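The chain contents come next:
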Amino acid sequence: MKDDDGSIRLDQVDLRILARLQSDARATNQELADAVGLSPSPCLQRVKRLEKAGVISSYHASIDIAKVCRHVDVIAAVTLNSHGLDDFLTFEKMVMGMRYVVECTKVSGPIDYLVRFVCPDIGSYQMLSDELLKLGPKIGNLSSYIVLKSTKPFKGVALDDLVAPQPRTTPRLDFSAKTATRQAE
């Protein structure tokens, strides 16, 4: 069922299905049904409904690339000189065609985009950054940051908090009580 704004209305079972699929997209329908407290047929119907509505847009395998090959992971902060709609579209189209770009996010603030590259070596990244500087709309600034370590890779979002946020009277912290007490004061 869709709301007036076109978004799909999710209940707690839908949220449990999505949370389980975020942590294990290879779960069988039977395993998924058992995990969320449904029989297999209604569970599969819900998954199909979520796929059809675009809530589940795809399924991915998370690969530890360091175990597969040597590589360089670079995050580039890009600022365009001109901020016309055509400039943004041209830049986005160019980035979409770049083989080693794995993620591109338009952001607010002093930069326009964060672009993540995973390349075989630093020379490959340098060629791509030079291509960005030459072929795209005039780039005002391109700052590159080599990723040394990913301390918390993306594993999904906290759907239960995002969909129905609960008012908090105390800060929700995941580190020592001593630090949490200081921040709450």
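Before reading on, note that the structure itself is shown above.
This structure is a prediction, so every number in the text was calculated from the model and none was measured.

**Q** Before we move on, can you summarise the layout of surface pockets with the specific residues and values?
**A** Roughly 1800 Å³ of volume is contained in the largest pocket. In this structure, the largest pocket is lined by 41 residues; those nearest its centre are H60, A61, S62, F154 and K155. At the level of elements, α1 (12-23), β1 (72-80), β2 (101-106), β3 (113-119) and α6 (159-163) are the ones that each hand at least two residues to the lining of the largest pocket. Class assignment for the residues of the lining of the largest pocket results in 23 nonpolar, 10 polar and eight charged.

**Q** So what's going on with the packing of aromatic side chains? Which residues, and what values?
**A** Going through the model one piece at a time under the given rule, you end up with three aromatic pairs. Each ring, one from F91 and one from Y113, has its centre 4.5 Å from the other, and the planes form 35°; the classification is tilted. Here the residue F91 occupies a position in helix α4 (residues 85-96), and Y113 occupies one in strand β3, the gap between them amounting to 22 residues. The residues F91 and Y113 share a single accessibility class, namely buried. With a centroid separation of 5.0 Å and an interplanar angle of 70°, the aromatic rings of F117 and Y125 are classed as edge-to-face.

**Q** Mind laying out helix α2 (residues 29-36), listing which residues take part and the relevant values?
**A** Restricting attention to buried positions, one finds in α2 the residues L32, A33 and V36. The buried residues of α2 occupy an angular sector of 100° when projected down its axis, which confines them to one face. Those residues of α2 that are buried lie in contact with α1 and α3 (40-52). Backbone geometry just downstream of α2 places G37 in the positive-phi region, at approximately 80°.

Thresholds applied
- Residues numbered from 1 in each chain as written.
- Predicted model: local features only at pLDDT ≥ 70, side-chain atom pairs only at ≥ 80, totals over all residues.
- Heavy atoms only, no water.
- 1 Å grid on protein atoms, 1.4 Å probe; cavity = no way out; pocket = protein on both sides within 12 Å on 5 of 7 lines; lining within 4 Å.
- Points joined across faces, edges and corners; volume = space filled by probe spheres on them.
- Helix = DSSP H or I, 4+ residues; strand = E, 2+ residues; numbered from the N terminus.
- Nonpolar A, V, L, I, M, F, W, Y, C, P; charged D, E, K, R; others polar.
- Phe/Tyr/Trp six-rings, centres within 6.5 Å; stacked < 30°, edge-to-face > 60°.
- Buried < 20%, exposed > 50% of the residue type's maximum accessible area, 1.4 Å probe, protein only.
- Arc of directions from axis to C-beta.
- Contact = heavy atoms within 4.5 Å.

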